[in-house]
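Each chain, written out:
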Amino acid sequence: MVKKWIFPVVALLALAFVSPLLVAEDEAKTDEAAAHEFIGVKKCSFCHKKDGTFPSWEKTAHATAFDNLKTDAEKSNEVCLSCHATGMTAKDELLEGVQCEACHGAGGDYWKKSVMEDRELAIKNGLIIPTAETCQKCHTGEVPEGHKELPAFDYEKMKATGVHDMPVAEKTEG
Ligand code: HEC
Ligand code: HEC
Ligand code: HEC
Ligand code: HEC
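Residue positions are given per chain, counting from 1 as you read along its sequence in written order. Chain A is the first chain written and ligand 1 is the first ligand written, with later ones labelled in order. Only residues with pLDDT of 70 or above have their local features reported here, since the model is predicted, and side-chain atom pairs are shown and tallied only from 80 upward, although totals for entire chains, interfaces and linings are computed over all residues.

Chemist: Would you explain the site of ligand 2 in this entry?
Modeler: Whether a residue is near a molecule or strand depends on its C-beta atom, generated from backbone atoms, being within 6 Å of that molecule or strand. With respect to spatial proximity, 19 residues lie near ligand 2, and among them Asn68, Cys80, Cys83, Gly141 and Lys148 are the closest. Those elements that provide at least two residues to the shell around ligand 2 are α6 (78-84) and α10 (132-139). It is α6 that contributes the most residues to the shell around ligand 2, five residues altogether. Helix and strand assignments come from DSSP, with helices taken as H or I runs of at least 4 residues and strands as E runs of at least 2, each series counted from the N terminus.

Chemist: Whenever I open this one, the site of ligand 3 confuses me. Can you help?
Modeler: Around ligand 3 sit 21 residues in total, of which Ala65, Cys135, Cys138, Met158 and Gly162 are the nearest. Contributing elements (two or more residues each) for the shell around ligand 3: α6, α7 (100-104), α10 and α11 (155-162). A per-element tally of the shell around ligand 3 places α10 first, with five residues. The nonpolar class holds Ala, Val, Leu, Ile, Met, Phe, Trp, Tyr, Cys and Pro. Asp, Glu, Lys and Arg form the charged class, and all remaining residues, Gly among them, are polar. Here the residues of the shell around ligand 3 are counted per class, giving 11 nonpolar, eight polar and two charged.

Chemist: Sorry, what's going on with the environment of glutamate 74 here?
Modeler: Here glutamate 74 is to be found in helix α5 (residues 72-75). Burial in this document is a count-based property: other C-beta atoms within 10 Å of a residue's C-beta are tallied, and the residue is buried at 20 or more, exposed at 12 or fewer, or partly exposed in between, with C-beta positions derived from the backbone. C-beta crowding within 10 Å serves as the criterion here: with 15 such atoms nearby, glutamate 74 is assigned to the partly exposed category. Excluding residues that lie within four positions of it along the chain, glutamate 74 makes contacts with Leu69 and Cys80. Whether two residues are in contact depends on their C-beta atoms, placed from the backbone: they are in contact if these lie within 7 Å.

This is the structure in structure tokens:
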């Protein structure tokens, strides 16, 4: 793997060089996810505590989805991680469970207030407004042998109970 970063500039240059290789290595990742860095739910929570999205997400099964992986073999099995974890940060920290960025895209380039406030700009920088397809990659995906059979997936029903509160739904419509 890549050595520990010394200066941010070195990190940026190295990332620009390394990321195409990572893309080739991991076909499961989408182009968008590979193009932006994951930052983790803690960072999203700084601004999304008050609007209720973070605290309500924290109570869902997604927040604890990693706890279903019991053994070290499972916790490092990329197949399990593809549905029970979110991704890796630039510092190689595994983001456990189905965090914000599993549905909204890696936030490294859209999390700043000036970008987030401008919906179109945020989308240009990697923010995903999830649709049924976003969920289906995990909920109608192929599970390993011996895995519990996944229940039928009903987007509207499961969005209502299993995602988080939608405090600004009216404001963001259209
Ligand atoms: C610096 C503060 C800040 C951080 C950090 C932040 N956000 Fe936001 N976010 C905002 C603001 C401000 C809005 C504008 C809407 C609002 O007022 O809630 C917003 C809106 C959104 C929306 C709604 C977009 C729409 O128009 O439907 C989503 C989804 C979102 N943020 C996800 C995230 C995720 C995921 C993260 C972490 C990767 C994150 N945010 C980090 C401040 C932030
Ligand atoms: C394609 C996505 C996907 C993959 C790959 C996957 N899981 Fe899951 N897993 C899920 C979903 C979705 C659920 C929730 C099912 C539900 O709604 O009850 C789940 C639930 C579970 C549960 C709880 C089952 C129960 O009885 O409630 C365990 C344990 C689990 N997974 C372990 C694993 C392990 C171990 C691996 C890797 C060997 C793995 N999963 C791979 C999507 C996946
Ligand atoms: C990265 C993979 C992934 C994505 C994307 C994802 N989920 Fe999940 N979801 C899971 C896993 C894994 C579980 C099981 C967690 C557990 O039981 O601990 C789960 C559990 C759930 C549950 C609870 C099911 C139960 O039996 O209690 C609901 C509801 C749900 N998801 C809805 C959604 C919706 C709606 C979306 C899209 C907006 C979505 N999920 C996107 C992986 C995912
Ligand atoms: C399982 C997938 C999933 C996860 C995980 C998730 N979201 Fe969302 N989020 C959605 C969906 C679906 C919508 C509604 C999109 C739409 O139709 O406008 C949404 C909408 C939002 C909105 C706009 C709210 C509104 O009223 O329209 C904000 C803000 C937001 N999410 C922030 C977050 C933050 C912060 C996290 C992590 C703490 C998070 N989301 C985790 C799926 C997810």
